[in-house]
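Notes for the structure review
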Amino acid sequence: MTEVLDDDELEKELDNLQIWGVEFDKLVTRAEFDNYRDAVFFANTVFSLAEEEFHHPEVTVEYGAVEIDLWNHEEEAITRKDIELAEKIEKKLGNIDWS
């Protein structure tokens, strides 16, 4: 069982994240790119991070954009594990070399 965050804890964690928000009780973000190739490259990076953490977010790939929803399916809530993966995704997005 993972730690479910209450509203105060979640608000505090969101203050430390740059690109994430909450919609429909899920941690969500949308990253936009110049083309489909970069969107797919980033989505594959997210898939790799998620697999390492044995965490499986919803990821939607569009031309030039990737949407990610994080939440614990069993708890039906946002957990500490979601925040940890969001931090890793955010860090990876800032470190990608697009060349």
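Coordinates for the structure precede this section.
The following refers to the structure shown. Keep in mind the model is a prediction, meaning the values are calculated, not measured. (Residues numbered from 1 in each chain as written. Predicted model: local features only at pLDDT ≥ 70, side-chain atom pairs only at ≥ 80, totals over all residues. Heavy atoms only, no water.)

**Describing the packing of helix H2 (residues 36-52) against helix H3 (residues 80-95)**
- Two elements in contact, H2 and H3, have axes whose closest approach is 10 Å; the angle formed by their N-to-C orientations is 145°. Between H2 and H3 lies a crossing of right-handed hand. Between H2 and H3, the contacting residues are Phe42, Thr45, Val46, Leu49 and Ala50 on the first element and Leu85, Lys88, Ile89, Lys92 and Leu93 on the second.
- Of the residues that constitute the contact of H2 with H3, the class distribution is seven nonpolar, one polar and two charged. (Axes fitted to C-alpha atoms, helices over the stretch in contact; angles between N-to-C directions. Helix = DSSP H or I, 4+ residues; strand = E, 2+ residues; numbered from the N terminus. Left-handed = near helix turned anticlockwise from the far one by under 90°. Contact = heavy atoms within 4.5 Å. Nonpolar A, V, L, I, M, F, W, Y, C, P; charged D, E, K, R; others polar.)

**Points about the sheet that holds strand E1 (residues 21-23)**
- The sheet built from four strands is open, its strands ordered E1-E2-E4-E3 with antiparallel pairing. What marks the edges here is a single partner per strand, and that holds for E1 and strand E3 (58-62). Averaged over all neighbouring strand pairs, the angle between strand axes comes to 30°, with direction disregarded.
- Bridge count between E3 and strand E4 (residues 65-70): five bridges; the pairing is antiparallel. Paired with Val61 across the bridge in E4 is Val66. (Pairing = 2+ DSSP bridges.)

**Notes on the pairing of strand E2 (residues 26-32)**
- The pairing of E1 with E2 spans three bridges and is classified as antiparallel. Counted as the bridge partner of Glu23 is Lys26 from E2.
- Adjacent in sequence and paired antiparallel, E1 and E2 are bridged by two residues, among which Phe24 carries a positive phi angle near 50°.

**Considering unusual backbone geometry**
- At Phe24, a residue that is not glycine, the phi angle is positive and equals roughly 50°.
- In this structure, Phe24 sits in the loop between E1 and E2.
- Even without a glycine there, the phi angle at Phe54 is positive, about 50°.
- Structurally, the position occupied by Phe54 is in the loop between H2 and E3.
- Look at Phe54 and you get exposed, because its relative accessible area is 60%. (Buried < 20%, exposed > 50% of the residue type's maximum accessible area, 1.4 Å probe, protein only.)

**Let's talk about the layout of surface pockets**
- There is about 250 Å³ of room inside the largest pocket.
- Considering the residues around the largest pocket, the lining is formed by eleven residues, among which Phe54, His55, Asn72, Glu74 and Lys81 are closest to the centre.
- Counted by class, the lining of the largest pocket contains three nonpolar, five polar and three charged residues. (1 Å grid on protein atoms, 1.4 Å probe; cavity = no way out; pocket = protein on both sides within 12 Å on 5 of 7 lines; lining within 4 Å. Points joined across faces, edges and corners; volume = space filled by probe spheres on them.)

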